[in-house]
Amino acid sequence: MSDEERSRSDGGRLIHLNLFMRLYGHHPSAWQRDAASRTDAFAPDWFAGLAQTCERGLFDAVFLADSQQAVYQREDVSTASMFEPLTLLSYIAARTERIGLIATVSSTLHHPVNAARSIASLHLISGGRAGVNLVTSQSDDEARLHGMDALPEHGRRYSRAQEFAELLFALWDSYPADAVLMDKADEVFLDASRLTRLDHDGAEFRIRGGLNIPQTAAGRPVLVQAGASAQGRDLAARYAEAIYGIGSTIEDGRAYYEDIKRRAIGFGRPESAITVLPGIVTIIGDTLEEAQEKKRWLDSLKSVPRQLDTLSGYIGMDCSGWELDDPMPELPPLQEFAGPKGRYVMMQTLSHDDHGRLVTVGEMLSRISAGGGHLTSIGTPSMIADEMATWFEGRAADGFNVNASLLPEGIDEFVDRVVPELQDRGLYRTEYTASTLRGHFAQTTAPELVA
Ligand SMILES: Cc1cc2nc3c(=O)[nH]c(=O)nc-3n(C[C@H](O)[C@H](O)[C@H](O)COP(=O)(O)O)c2cc1C
């Protein structure tokens, strides 16, 4: 069956896959196993290898998160060593041909002109494969690196993000590709009358002029978003072509999915304009028991004090003296928590069992160790494919941002064993039909410029 026939038989929908590239993998102890090597930490080829595997698996894109500040209090987090995403993705662009390349950029910490230039350059370098995950940043430490005392309050971060997104679009559109004439006879390289000169005086930014980087035939780079709050969801629904979501149960996933699509329609966009990609944490085994054993082994690599330290970071409380058999405390209301809100809500959910009772601290650690609140799929390739199909067909996802617990082997296994299962079910492409990121997301309507 061709992709076209397949998508016809499935109402036009196929599962979209991105890989969340993270050093050693998403399990907090991934770096502690023997196979994890210190030399991988700053090896661009380690990341290029992941992207090549995903390209073999016909993924839409690979994705890099970002945080900028050095880590001083907690020695045990993967953000302790990161590449600047746009630079690393430029390298990966040269090592791949079709796969999309999505970099996280903070509207709180960047200036839109610098960001627009770098992303437009990646778009040119990669032949139309660049995307940007526009976030508003989560930690005051990062703000202090940039001379602020703390992050601006949430509402202001998002009003700045909105202005930032509109400026990205305007800047990317300011130099149309057809403005380059190269008319040698008349000695006209550029038809300057086709360029747009921005004259922007906004609450956050003042910009006169435009980019000197022409747009590609692929149009603008693709905007992606990962906000969880109402403002984050609105930003995505208004401007983004994909959103990274979070949710551990299909009910959460469905509510999130419906909410994003409803908001997009509210902004005058068709619901297909935004691809909803919840995270999926995967641990693959030949049998369910083997996969569960792999999870137990990974959990055991990290000492309990270290696990409590991770929990402290997630809920903003000092958990260092907590006993594993004690029940979790009732977490304070969301309004009292200053950190990332989406994950905090997930922690509130995970701290209760199906009957609404508080779980023990030990159970809580086991619940968050695999994925910090994302859908966690532990089992055989066919079980994982079934779970993905259930979410996809149940309108809780248009696809997934794959958080493999171990990298690189978790993505090798996923591509070699889960992808064929999805293809056998007629839910996944068997070849690329496009060479641009927008083409992969099968975007039919790009968001209109609002400026
Ligand atoms: C898959 C995913 C990746 C994210 N990556 C980043 C990141 O790299 N940097 C960052 O500052 N925030 C990142 N975030 C956090 C979001 O941008 C946002 O701050 C968070 O979801 C809280 O949303 P809210 O501010 O709308 O409440 C990510 C969120 C998700 C779900």
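Structure first, text after, so check above.
Peer 1: Give a detailed account of the pattern of salt bridges, specifying residues and quantitative values.
Peer 2: As enumerated under the stated definition, the model contains 27 salt bridges in all. Overlapping salt bridges, with partners in common, bring together R233, D234, D259, R262 and R263 in one network.

Peer 1: Before we move on, can you summarise the packing of aromatic side chains with the specific residues and values?
Peer 2: The geometry of two aromatic rings is summed up by the distance between their centres and the angle between their planes. In this structure the tally under the stated criterion is eleven aromatic pairs. For the pair F47 and F83, a centre-to-centre distance of 5.8 Å together with 80° between the ring planes defines the contact as edge-to-face. Separated by 36 residues along the polypeptide, F47 in helix 2 (residues 44-56) and F83 in the loop between strand 2 (61-64) and helix 3 (85-95) bring together distant segments of the chain. Ring centres of F164 and F205 lie 6.0 Å apart, and the angle between their planes is 75°; this geometry places the pair in the edge-to-face category. With F164 in helix 6 (residues 154-173) and F205 in the loop between strand 7 (198-201) and strand 8 (206-209), this residue pair connects regions lying 41 residues apart in the sequence. Residue classification places F205 among the buried positions, given a relative accessible area of 4%. Chaining the aromatic ring pairs together yields one cluster made of Y24, F42, W46, F47 and F83. It is R13 that lies over the ring of F392; its NZ or CZ is 4.0 Å from the centre.

Peer 1: Can you break down the environment of M347 residue by residue, with the values?
Peer 2: By the secondary structure assignment, M347 is in helix 11 (residues 341-350). A residue is classified by how much of its surface remains accessible, and M347, at 0% relative accessible area, is buried. Here the alpha-carbon distance between M347 and W391, two residues 44 residues apart in the chain, equals 21 Å.

Peer 1: Any details on the environment of R98? Residues and values, ideally.
Peer 2: Here R98 shows up in the loop between helix 3 and strand 3 (100-106). On the accessibility criterion, R98 (28% relative accessible area) is partly exposed. In the structure, R98 is positioned 339 residues away from L437 in sequence and 8.2 Å away in space, judged by C-alpha atoms. If we skip the residues at most four places from it in the chain, R98 touches E55, R129, Y432, T433, A434, S435 and H440.

Peer 1: Describe in detail helix 8 (residues 250-266), supporting the description with residues and values.
Peer 2: Spacing of three or four residues puts side chains on the same side of an α-helix, whose turn is 3.6 residues. Between its terminal C-alpha atoms helix 8 stretches 24 Å, which fits the 24 Å expected from 17 residues at 1.5 Å a residue. Within helix 8, the full set of buried residues consists of I250, G253, Y256, Y257, D259, I260, K261, R263 and A264. Residues of helix 8 that are buried sit in contact with helix 7 (230-239), strand 10 (242-245), strand 11 (275-284) and helix 13 (381-393). Following helix 8 by one or two positions, G268 adopts a phi angle in the positive range, close to 80°.

Peer 1: Now, about the site of the ligand: what can you tell me, with residues and values included?
Peer 2: Residues in close proximity to the ligand total 19 residues, the closest being A65, D66, Y158, A226 and S229. A228 is positioned such that a nitrogen or oxygen atom in its backbone is 3.0 Å from an oxygen atom of the ligand. Notes on the ligand: free accessible area 620 Å², of which the protein chains cover 90%. Of all the secondary-structure elements, those providing two or more residues to the shell around the ligand are strand 4 (130-135) and helix 6.

Peer 1: Outline helix 10 (residues 304-315), listing residues and values.
Peer 2: Compared with an ideal rise of 1.5 Å per residue, which puts twelve residues at 16 Å, helix 10 spans 17 Å between its outermost C-alpha atoms and is within 8% of the ideal. Turning to helix 10, its buried residues are Q307, L308, T310, L311, S312, Y314 and I315. After helix 10 finishes, the residue G316 shows a positive phi value of roughly 70°.

Peer 1: Go over the side chain of H16, please, and point to the residues and values.
Peer 2: Along the chain, H16 falls in strand 1 (residues 16-21). Judged by its relative accessible area of 11%, H16 is buried.

Peer 1: Describe the pairing of strand 12 (residues 375-379), listing the residues and the values that go with them.
Peer 2: With burial as the criterion, only one face of strand 12 is covered, namely that bearing L375, S377 and G379; the residues T376 and I378 on the opposite face remain uncovered. Relative to strand 12, strand 11 runs parallel, the two being bridged by five bridges. Residue pairing for strand 12: I283 is matched across the bridge by I378.

Peer 1: Explain the nonpolar core to me, and be specific about the residues and the numbers.
Peer 2: Nonpolar side chains in soluble globular proteins tend to be buried together. In terms of nonpolar packing, the biggest core is built from 82 residues, with L17, L19, F59, I411 and F414 touching the most fellow members. The leading source of residues in this core is helix 6, at ten residues. Contacts of L17, omitting those with residues within four sequence positions, involve F59, D60, A61, M388, F400, V402, F414, V419, L422 and Y428.

Peer 1: Any details on the packing of helix 7 against helix 8? Residues and values, ideally.
Peer 2: Relative orientation of the contacting elements helix 7 and helix 8 amounts to 55°, with a least axis distance of 8 Å. Relative to helix 8, the element helix 7 lies oblique. Considering the relative orientation of helix 7 and helix 8, their crossing is right-handed. Packed against helix 7, whose contacting residues are A230, R233, D234 and A237, the element helix 8 presents Y256, D259, I260, R263 and A264 at the interface.

Definitions and cut-offs
- Residues numbered from 1 in each chain as written.
- Predicted model: local features only at pLDDT ≥ 70, side-chain atom pairs only at ≥ 80, totals over all residues.
- Heavy atoms only, no water.
- Salt bridge = Lys/Arg side-chain N within 4 Å of Asp/Glu carboxyl O.
- Phe/Tyr/Trp six-rings, centres within 6.5 Å; stacked < 30°, edge-to-face > 60°.
- Helix = DSSP H or I, 4+ residues; strand = E, 2+ residues; numbered from the N terminus.
- Buried < 20%, exposed > 50% of the residue type's maximum accessible area, 1.4 Å probe, protein only.
- Lys NZ or Arg CZ within 6 Å of the ring centre and 35° of its normal.
- Contact = heavy atoms within 4.5 Å.
- Expected span 1.5 Å × (residues − 1).
- Near = heavy atom within 4 Å.
- Polar contact = N/O pair within 3.5 Å; in protein donor to acceptor, adjacent residues only side chain to side chain.
- Areas by Shrake-Rupley, 256 points an atom, 1.4 Å probe, with all protein chains shown as cover.
- Pairing = 2+ DSSP bridges.
- Core = buried A, V, L, I, M, F, W, Y, C linked by side-chain atoms within 4.5 Å.
- Axes fitted to C-alpha atoms, helices over the stretch in contact; angles between N-to-C directions.
- Parallel < 35°, antiparallel > 145°, perpendicular 65-115°, else oblique.
- Left-handed = near helix turned anticlockwise from the far one by under 90°.

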